[in-house]
Amino acid sequence: MSQTMQVVEISTPGGAEVLKRTTRDIPTPGPGEVLIRVAYAGVNRPDVLQRAGLYNPPANASDLPGLEASGTIAAVGAGVTQWAEEDSVCALLPGGGYAEYALTPAAHCLPVPKGMDLKAAACLPETFFTVYSNVFQRGGLKAGERFLVHGGSSGIGTTAIQLAQAAGARVFATAGSAEKCDACVKLGAERAINYRDEDFVDVLRAEGGADLILDMVGGDYLPRNVKAMADDGRLVQIAFLQGPKISLNFAHVMMRRLTITGSTLRPQSDLAKAKIAEALLQDVWPLLESGRIAPVMDSTFALQDAIAAHQRMESSGHIGKIVLQVAP
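Right, let's walk through the structure included here.

1. A word on the packing of aromatic side chains
As enumerated under the stated definition, the model contains two aromatic pairs in all. The aromatic ring of Y221 is capped on one face by R224, whose charged end is 5.0 Å from the ring centroid.

2. Observations regarding unusual backbone geometry
The backbone phi angle of D232 is positive, close to 70°, even though this residue is not glycine. With respect to the secondary-structure elements, D232 resides in strand β12 (residues 229-237). Taking relative accessible area as the criterion, D232 reaches 42% and is therefore assigned partly exposed. With a phi close to 60°, S316 is a non-glycine residue in the positive phi region. Summarising the element assignment, S316 is placed in the loop between α11 (306-315) and β15 (321-325). By relative accessible area, which is 35% here, S316 ends up partly exposed.

3. Focus on the pattern of salt bridges
Taken as a whole and judged by the stated rule, the model has 14 salt bridges. When the shortest N-O distance is used, the salt bridge between K321 and E68 registers 2.5 Å. Taken together, the residues span a long stretch of sequence, with K321 in strand β15 and E68 in strand β4 (residues 68-76) at a distance of 253 residues. Look at K321 and you get buried, because its relative accessible area is 3%. Classification of E68 as buried rests on a relative accessible area of 0%. Of the charged contacts in the structure, one is a salt bridge between K114 and E289, with a shortest N-O distance of 3.9 Å. Here the residue K114 occupies a position in the loop between β7 (109-111) and α2 (118-121), and E289 occupies one in helix α10 (residues 285-289), the gap between them amounting to 175 residues.

4. A word on the sheet that holds strand β9 (residues 170-175)
The sheet built from six strands is open, its strands ordered β10-β9-β8-β11-β12-β13 with parallel pairing. The open sheet has two free edges, formed respectively by β10 (191-194) and β13 (259-262), since each of these has just one partner strand. Geometrically, the sheet is characterised by an average inter-axis angle of 15° between neighbouring strands, direction not taken into account. The pairing of strand β8 (residues 146-149) with β9 spans four bridges and is parallel. By the bridge assignment, L148 is partnered in β9 with F172. The strands touched by helix α4 (residues 155-166) are β8, β9 and β11 (210-215); relative to β8, the strand with the most contacts, the crossing angle is about 170°.

5. Points about empty space enclosed by the protein
Over the atoms rolls a probe the size of a water molecule, and in doing so it shows where empty space is left. Applying the stated criterion to the full structure yields one cavity of 30 Å³ or more. Of the pockets and cavities examined, the largest cavity occupies roughly 40 Å³. Surrounding the largest cavity, L67, L92, L93, E126, L265, R266 and K273 form its lining. The residue makeup of the lining of the largest cavity, split by class, is four nonpolar, no polar and three charged.

6. What about the environment of G66?
Structurally, G66 is set in the loop between α1 (45-51) and β4. Looking at G66, the relative accessible area reads 1%, which means it is buried. When the C-alpha atoms of G66 and I319 are compared, they prove to be 19 Å apart, with 253 residues separating the residues in sequence. With sequence-adjacent residues up to four places away left out, G66 is seen in contact with D47, L93, G95, G96, G97 and Y98.

7. With respect to the side chain of N225
Secondary-structure assignment places N225 in helix α7 (residues 221-228). A relative accessible area of 0% means that N225 is categorised as buried. Dropping the residues within four chain positions of it, N225 is found in contact with H150, F200, I213, D215 and L235.

8. Describing the state of the cysteines
Per the counting criterion, the structure on display carries zero disulfides. Here C109 is not disulfide-linked; the sulfur of C90 is the nearest cysteine sulfur, at 8.2 Å.

Criteria and cut-off values
Residues numbered from 1 in each chain as written. Predicted model: local features only at pLDDT ≥ 70, side-chain atom pairs only at ≥ 80, totals over all residues. Heavy atoms only, no water. Phe/Tyr/Trp six-rings, centres within 6.5 Å; stacked < 30°, edge-to-face > 60°. Lys NZ or Arg CZ within 6 Å of the ring centre and 35° of its normal. Helix = DSSP H or I, 4+ residues; strand = E, 2+ residues; numbered from the N terminus. Buried < 20%, exposed > 50% of the residue type's maximum accessible area, 1.4 Å probe, protein only. Salt bridge = Lys/Arg side-chain N within 4 Å of Asp/Glu carboxyl O. Pairing = 2+ DSSP bridges. Axes fitted to C-alpha atoms, helices over the stretch in contact; angles between N-to-C directions. Contact = heavy atoms within 4.5 Å. 1 Å grid on protein atoms, 1.4 Å probe; cavity = no way out; pocket = protein on both sides within 12 Å on 5 of 7 lines; lining within 4 Å. Points joined across faces, edges and corners; volume = space filled by probe spheres on them. Nonpolar A, V, L, I, M, F, W, Y, C, P; charged D, E, K, R; others polar. Disulfide = S-S within 2.5 Å.

That's the geometry; what it means functionally is another story.
Rendered as structure tokens:
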């Protein structure tokens, strides 16, 4: 095996054009780690933020973008017993997915669901870890509850709609075009709200309010989310496309017993992520293997075309996931 690999790195913070193809040494797995021969890597919003200099990787992570990948195990570190060379996996990565090889803790790998190819499997880890942990573990969504997800046509949104619908919730979603709204309804949303034409607050209040909201928009959506929530409702914040700072009257939160929480996935401990992986294998992988839910794929780009992939992400024209094909 060659000792070097092709990668795409961030040459300097900036626009998509700062992504550069170069060569680096293939890393060696440490104790508890595996080395994945990457077939496909997911493209996610945090990659774009990192490229722009707005989301620094953890100190012990690769500086390369890429938080999820699929492929085969190329090598295992000391103490790894659950995986062997040539096993097919998809994995949550601390970084480094835009490369021919990537390291990750062995406990952050999951088997490729039966009947699914590696391209589709690359769409799973980042979004499914994020959605499952925030909607069900943190947000406590139950059957029969009214659930609102913003950005319903995004990778996070398409995943959240399907998982919430499978759990028996009444699902509502916001999106920015008729095409995107149609996609949300086809995935299981009871109602898709085109935010350019309608106010989601009015729609949800007419239904009795949202028991749980998953939001990645932030900004002026925060006080509007509070208005759209049912009494005793919960809001889980996972990103801030419109900024993290806003004025909010907390009297409404107190009087209506609302819960506002949030999280980010990447800074969590290896153990916390491993526990999410265990829950996904038990609760979600059977849904994927039965075909009841599936990742929604927008487009595929070659690794060397990562610039175009980021431009597609930033255009907000995509529906579902964008992936990079790393292996030929």
